[in-house]
Amino acid sequence: MFDSAFKPYIWRENCLGSGDLLDRCMRHYFGVIRELFADTSVDCIHDYELNHSRRPKILVQTAAHVAGAVYYYQRSDVENPPWKPEQKMYGVCIHPRYGGWFAIRGVVIFRNIEVPELEQRLPPDVISDNQKRIELLEQFNFNYQDWQFRDAVFPAERYSEQQKEYFITPPLERTKLIEKIMSERPSSVDILC
């Protein structure tokens, strides 16, 4: 996503700051989806959207698990959890090919499309060992900055160093990174729109 969608977006838009560029990028591509399916009722819900009671409109990690895209490992997936009951342990999504996902940016719901013969696919449980699940949850909750949780499986693709640097840098301190990315703009930019 970073190299194939985000960087081309900021190159095309000549983005240099103000606001969360990743959120702007995702709004752009969700808009492209709406345009491509203009004759269909499509809901695009971003991971940051809240309902009237200030709760998330959708739990994207749960949605990805239910869709069979990733397995969402949580405390409830661990037998005899070693943590105190009051210890908050956030769940983490693991894709069988791409490894750990820190964030899922949203969902697209096609309201008018029904496929009665579509069977629900269970997500692949690629971390079946209880001790490995404990290690995964601890890596994600206590040391996510070292990116090791992403390597719970052998990912086909790893985050680039530039991508890691971008995500670990607080948003208000990303100006120099964006300027560097802008300076790497190729003469032609392939984008989805």
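> What is the right way to read the packing of helix α1 (residues 2-13) against helix α6 (residues 175-183) from this model?
Any two packed helices are characterised by the angle at which their axes cross and by the distance between the axes. One way to put it is that α1 packs onto α6 with a least axis distance of 10 Å and a crossing angle of 90°. Considering their axes alone, α1 and α6 lie roughly perpendicular with respect to each other. Across the interface between the two elements, F2, F6, K7, I10 and W11 from α1 touch I178, I181 and M182 from α6. Here the residues of the contact of α1 with α6 sort into seven nonpolar, no polar and one charged.

> Looking at this structure, how should I read the packing of aromatic side chains?
Aromatic rings in a pair are described by how distant their centres are and how their planes are angled relative to each other. The final tally for this structure, using the stated rule, is 10 aromatic pairs. Relative to F167, the ring of Y159 lies with its centre 6.0 Å away and its plane at 45°, an arrangement referred to as tilted. Relative accessible area serves as the criterion here: at 22%, F167 is assigned to the partly exposed category. Site record: aromatic cluster; members linked through ring pairs are F2, F6, W147, Y159, Y166 and F167. A cation sits over an aromatic face here: R174 above Y166, 4.1 Å from the ring centre.

> Can you walk me through the pairing of strand β1 (residues 42-46) in this structure?
Looking along a regular strand, one sees the side chains alternate between the two faces of the sheet. For β1, a buried count of four out of five residues is recorded, marking the element as mostly surrounded by other parts of the structure. Taken together, the five bridges between β1 and strand β5 (residues 106-110) define a ladder with antiparallel strand orientation. By the bridge assignment, V42 is partnered in β5 with F110.

> So what exactly am I meant to see when it comes to the sheet that holds strand β3 (residues 92-95) here?
Note: strands within a sheet are paired through backbone hydrogen bonds, in either parallel or antiparallel orientation. If you trace the three strands from one edge of the open sheet to the other, you get β2-β3-β4, paired in antiparallel fashion. The sheet is open, and its two borders are formed by β2 (71-73) and β4 (99-101), each paired with just one other strand. Each strand axis lies, on average, 35° off the axis of its neighbour in the sheet, ignoring direction.

> What's the story with helix α4 (residues 130-143) in this structure? I'm lost.
Each α-helix turn comprises 3.6 residues. Residues three or four places apart therefore point the same way. Counted at 1.5 Å a residue, the expected span for α4 with its 14 residues is 20 Å, and the 19 Å between its end C-alpha atoms agrees. Buried within α4 we find R133, I134, L136, L137, F140 and N141. Down the axis, α4 shows its buried residues gathered within 160° of arc, on one side only. Considering only its buried residues, α4 is in contact with β2 and β3. By the N-cap criterion, in which a side-chain oxygen at the helix start approaches the backbone nitrogen of a residue two or three places on, α4 is capped by D129, the distance to Q131 being 3.2 Å.

> Sorry, what's going on with the pairing of β3 here?
The side-chain alternation of β3 yields two buried faces, one formed by V92 and I94 and the other by C93 and H95. One ladder, built from three bridges, connects β3 with β4; its direction is antiparallel. Following the sheet pairing, I94 is matched in β4 by G100. Counting the residues that bridge the hairpin from β3 to β4 gives three residues.

> How should the pattern of salt bridges be read in this particular structure?
Two side chains of opposite charge can pair, provided their charged atoms sit close to one another. Under the criterion given, the structure shown has eight salt bridges. Where R133 meets D125, a salt bridge forms, and the shortest distance between an N and an O atom there is 2.5 Å. With a relative accessible area of 35%, D125 lands in the partly exposed category.

> Which parts of the structure should I look at to understand the state of the cysteines?
One way to say it: the disulfide is the covalent bond shared by the sulfur atoms of two cysteines. Using the criterion set out here, one finds zero disulfides in the structure. Just so you know, C44 is unpaired, no disulfide at all, and the nearest cysteine sulfur is the one on C25, 13 Å from it. Here C93 stays unpaired: no disulfide links it, and the sulfur of C44, its closest cysteine neighbor, is 19 Å away. We classify C93 as buried; its relative accessible area is 1%.

What counts and how
- Residues numbered from 1 in each chain as written.
- Predicted model: local features only at pLDDT ≥ 70, side-chain atom pairs only at ≥ 80, totals over all residues.
- Heavy atoms only, no water.
- Axes fitted to C-alpha atoms, helices over the stretch in contact; angles between N-to-C directions.
- Helix = DSSP H or I, 4+ residues; strand = E, 2+ residues; numbered from the N terminus.
- Parallel < 35°, antiparallel > 145°, perpendicular 65-115°, else oblique.
- Contact = heavy atoms within 4.5 Å.
- Nonpolar A, V, L, I, M, F, W, Y, C, P; charged D, E, K, R; others polar.
- Phe/Tyr/Trp six-rings, centres within 6.5 Å; stacked < 30°, edge-to-face > 60°.
- Buried < 20%, exposed > 50% of the residue type's maximum accessible area, 1.4 Å probe, protein only.
- Lys NZ or Arg CZ within 6 Å of the ring centre and 35° of its normal.
- Pairing = 2+ DSSP bridges.
- Expected span 1.5 Å × (residues − 1).
- Arc of directions from axis to C-beta.
- Polar contact = N/O pair within 3.5 Å; in protein donor to acceptor, adjacent residues only side chain to side chain.
- Salt bridge = Lys/Arg side-chain N within 4 Å of Asp/Glu carboxyl O.
- Disulfide = S-S within 2.5 Å.

None of this, on its own, says anything about what the molecule does.
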